[in-house]
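Descriptive structure summary
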Amino acid sequence: MRAAVFDRFGPPDVLHVVHIPDPQPGPGEVRVRVLAAGVQPFDVGVRQGNMPWAKVEFPQTIGQEYAGVVDALGEGVRDLAVGDPVLGSTMLNGNAELLCVAAANVVRKPHNLDFPTAAALVAASQTASGALLELGVGEGDVLLVHAAAGSVGTVATQLARLAGATVIGSASFDNHSRVRRQGALPVPYGEELIAAVRDTGLQPTAALDGAGAEAIAQSVALGISPDRIGTIVDDKAAAEHGVRVVRAGRDPERLARVIALAAEGKVLMPVQAFPLSEVVEAHRAVESRHSHGKVVLIIEP
Ligand SMILES: NC(=O)c1ccc[n+]([C@@H]2O[C@H](COP(=O)([O-])OP(=O)(O)OC[C@H]3O[C@@H](n4cnc5c(N)ncnc54)[C@H](OP(=O)(O)O)[C@@H]3O)[C@@H](O)[C@H]2O)c1
């Protein structure tokens, strides 16, 4: 099978596509023929060597989220059949034609959700839904989402709106119409953010930080209670300001709930697609921190 691998830590062009042996599913696992696979900031960190706890052995495959069809069943798997469309989280092997995962972690893909959008939603949905749960966001809240046009911000905004919250979302000016379409009031980030939030006339009651230290400090300065400020980016700044670090672990049931909303058209995710052969360009787009939608690799069967 073809897979994206890297042989040393470094810039995007350490990545290349090679042929490696097909993986075989073990007991309780399924093999998935991947048709679309997301690329995350986490993958960029792994490739750069900035995730010391990620078990890397060169040549190393990469990728944490996939959508595809079940291709083979390991011993004891009864709830899934060859040909079922599925999606889910995986560990360092998603950017490949085939991968093996525990059947228990697989989520069924609704037929009316396309494979690229399904792959695009995997990590962002679990992070966003877990963060909103941890922050207790609901009816009557005014949630400030930092990096609202990012993949996590996109899902968090829509889920918070569905839960009855008002959302203010920070983004660069080019993304303001997109943030508005997602249901949030757009504001710029950087030094104009605080004045722009005050200009809305709304007092934020909670904040989700997908940007970093400046956004955390601004959330505190806006008078949001520190226990309702959560970051998914900066543990050090969180400790300095006494705000929450949101871990929002992987949970197939939470993912399935967001996927069901996406299949109903209630959660949308714009996609910027690349063929697997352009994995270097895909990583460049994510590393730029200004991709035009969630970056997804398309893997032709
Ligand atoms: N994806 C996950 O499941 C996950 C899980 C845990 C942690 N994280 C972390 O959360 C962060 C966001 O992840 P993501 O997947 O949503 O990233 P993403 O899709 O690559 O989006 C990055 C966003 O950051 C915005 N941005 C860039 N510079 C900014 C600044 N100075 N202030 C505010 N916003 C800024 C960009 O907005 P504009 O394009 O409008 O400029 C862009 O929309 C990353 O640091 C990532 O490591 C992500």
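What counts and what doesn't
The numbers attached to residues start from 1 for each chain and follow its sequence in the written order. At least 70 in pLDDT is required for a residue's local features to be given in this predicted model, at least 80 for side-chain atom pairs to be given and counted, and no such filter applies to totals for whole chains, interfaces and linings, which use all residues. The side-chain values count all of the structure's non-hydrogen atoms but skip hydrogen atoms and water molecules. Helical segments are the DSSP runs of H or I of at least four residues, strand segments are the runs of E of at least two, and each set is numbered from the N terminus. Think of it in three bands: with a 1.4 Å probe and only protein chains considered, a residue is buried below 20% of the maximum accessible area for its type, exposed above 50%, and partly exposed in between. Whether two residues are in contact is decided by their heavy atoms: any pair within 4.5 Å suffices. The split into domains, and so the bounds of each, comes from an automatic or database assignment of domains. Defined here as a combined quantity, buried area equals the accessible surface (1.4 Å probe) lost by two parts on assembly, summed across both. By definition, a salt bridge exists where a carboxyl oxygen of Asp or Glu is found within 4 Å of a side-chain nitrogen of Lys or Arg. A 3.5 Å cut-off defines polar contacts: any pair of N or O atoms within that distance qualifies, except that in protein one atom must be a possible hydrogen donor and the other a possible acceptor, and neighbouring residues in sequence count only when both atoms are side-chain atoms. Each residue gets one label: Ala, Val, Leu, Ile, Met, Phe, Trp, Tyr, Cys and Pro are nonpolar, Asp, Glu, Lys and Arg are charged, and the others, such as Gly, are polar. In these notes, a set of buried Ala, Val, Leu, Ile, Met, Phe, Trp, Tyr and Cys residues joined through side-chain atoms within 4.5 Å is what counts as a nonpolar core. UniProt positions are given in the numbering used here, feature names are shortened, and annotations may be inferred rather than shown by experiment. Expected span, for any helix, means 1.5 Å times one less than how many residues it has. One heavy atom suffices: a residue is near a molecule or strand as soon as one of its heavy atoms comes within 4 Å of it. Note on areas: Shrake-Rupley, 1.4 Å probe, and residue coverage restricted to the protein chains presented here. Charge assignment: positive for Lys and Arg, negative for Asp and Glu; neither His nor the chain ends contribute. Strands pair, by our definition, only if DSSP identifies at least two bridges between them. Interaxial angles span 0 to 180 degrees and are taken between N-to-C directions of axes, which are lines fitted to C-alpha atoms, for helices over the stretch in contact.

Right, let's talk about the side chain of Q60 for a bit. Assignment of secondary structure puts Q60 in strand β4 (residues 60-61). Note on Q60: relative accessible area 8%, which makes it buried. Apart from residues no more than four positions distant in its own chain, Q60 is found in contact with A4, V5, F6, K55 and L92.

Taken domain by domain, the protein chain comprises domain 1 (2-109 + 270-298) and domain 2 (125-245). A C-alpha centroid distance of 29 Å is found between domain 1 and domain 2. Surface buried jointly by domain 1 and domain 2 totals about 410 Å² across both partners, of which 41% is contributed by carbon and sulfur atoms. Connecting domain 1 to domain 2 are 0 salt bridges. Across the domain 1-domain 2 interface, the total number found is 2 residue pairs in polar contact (both at pLDDT 80 or more). Per-class residue counts for the side of domain 1 that touches domain 2 are 1 nonpolar, 3 polar and 2 charged.

This next bit is on the nonpolar core. Formed by 41 residues in total, the largest nonpolar core has its most connected members in L87, L121, L132, V137, L143, V155 and A160. Counting residues per element, the ones that place at least two in this core are α2 (115-135), β9 (142-146), α3 (151-162), β12 (206-209) and α8 (252-263). When residues of this core are assigned to their parent elements, the largest contribution, 10 residues, is made by α2. Mapping this core onto the domain boundaries places at least three of its residues in each of domain 1 (2-109 + 270-298) and domain 2 (125-245). Leaving out residues up to four positions away in the same chain, L143 has contacts with L132, V137, A160, T166, V167, I168, A206, A207 and L208. Among the nonpolar cores identified, the runner-up in size contains 34 residues, and A4, V44, V46 and A282 belong to it.

Here we come to the UniProt feature "domain: Enoyl reductase (ER)" (unreviewed entry) in the protein chain. Per the UniProt record, the feature "domain: Enoyl reductase (ER)" (unreviewed entry) sits at residues 10-297. Counting secondary structure, residues 10-297 comes out at 32% helix and 24% strand; the distance between its end C-alpha atoms is 20 Å.

A few words now on α3. With 12 residues, α3 ought to run about 16 Å at 1.5 Å a step, and its terminal C-alpha atoms sit 17 Å apart, in line with that. For α3, the buried fraction is high: 9 of the 12 residues fall into the buried class. Within the sequence span of α3, burial applies to V152, G153, T154, V155, A156, T157, Q158, L159 and A160. Those residues of α3 that are buried are in contact with α2, β9, β10 (166-170), α4 (176-181), β12 and α8.

It is worth spelling out the site of the ligand at this point. Around the ligand, the structure places 21 residues, and the nearest of them are T127, S151, S172, Y189 and H290. At 3.0 Å from an oxygen atom of the ligand is found a main-chain nitrogen or oxygen belonging to V152. In the model, an oxygen atom of the ligand is placed 2.8 Å from a nitrogen or oxygen of the N175 side chain. A total of 910 Å² of accessible area belongs to the ligand in isolation, and the protein chains cover 82% of it. At the level of secondary structure, the elements contributing two or more residues to the shell around the ligand comprise α2 and α3. For the shell around the ligand, the element with the most residues is α2, which contributes 3 residues. Formed jointly, the shell around the ligand draws a minimum of three residues from each of two domains, domain 1 (2-109 + 270-298) and domain 2 (125-245).

Our next topic: the side chain of D234. Looking at the secondary structure, you find D234 in the loop between β13 (229-231) and α7 (235-241). Nearest to the buried, unbridged D234 among oppositely charged side chains is K236, at 6.6 Å. For D234, the contacting residues outside a window of four places in its chain are G212, A213 and I216.

Sheet architecture is open: 6 strands sit in the order β11-β10-β9-β12-β13-β14, paired in parallel fashion. Either end of the sheet is taken by a strand with one partner, and the two such strands are β11 (185-187) and β14 (244-245). Direction of pairing for β9 relative to β12: parallel, over a ladder of 4 bridges. Its bridge partner lying in β12, L143 is registered against A206. Across the sheet, α3 touches β9, β10 and β12, and the angle it forms with β10 is around 165 degrees.

Taking the C-alpha atoms as reference points, D234 and V245, separated by 11 residues in sequence, lie 7.7 Å from one another. In terms of polar contacts, D234 uses its side chain to reach the backbone amide nitrogen of A237, at 2.9 Å.

On to the sheet that holds strand β2 (residues 15-19). The sheet built from 3 strands is open, its strands ordered β2-β1-β4 with antiparallel pairing. The sheet is open, and its two borders are formed by β2 and β4, each paired with just one other strand. As defined by bridge partners, strand β1 (residues 2-6) adjoins β4 across 2 bridges and the pair is classed as antiparallel. Looking at the pairing, F6 lines up with Q60 of β4.

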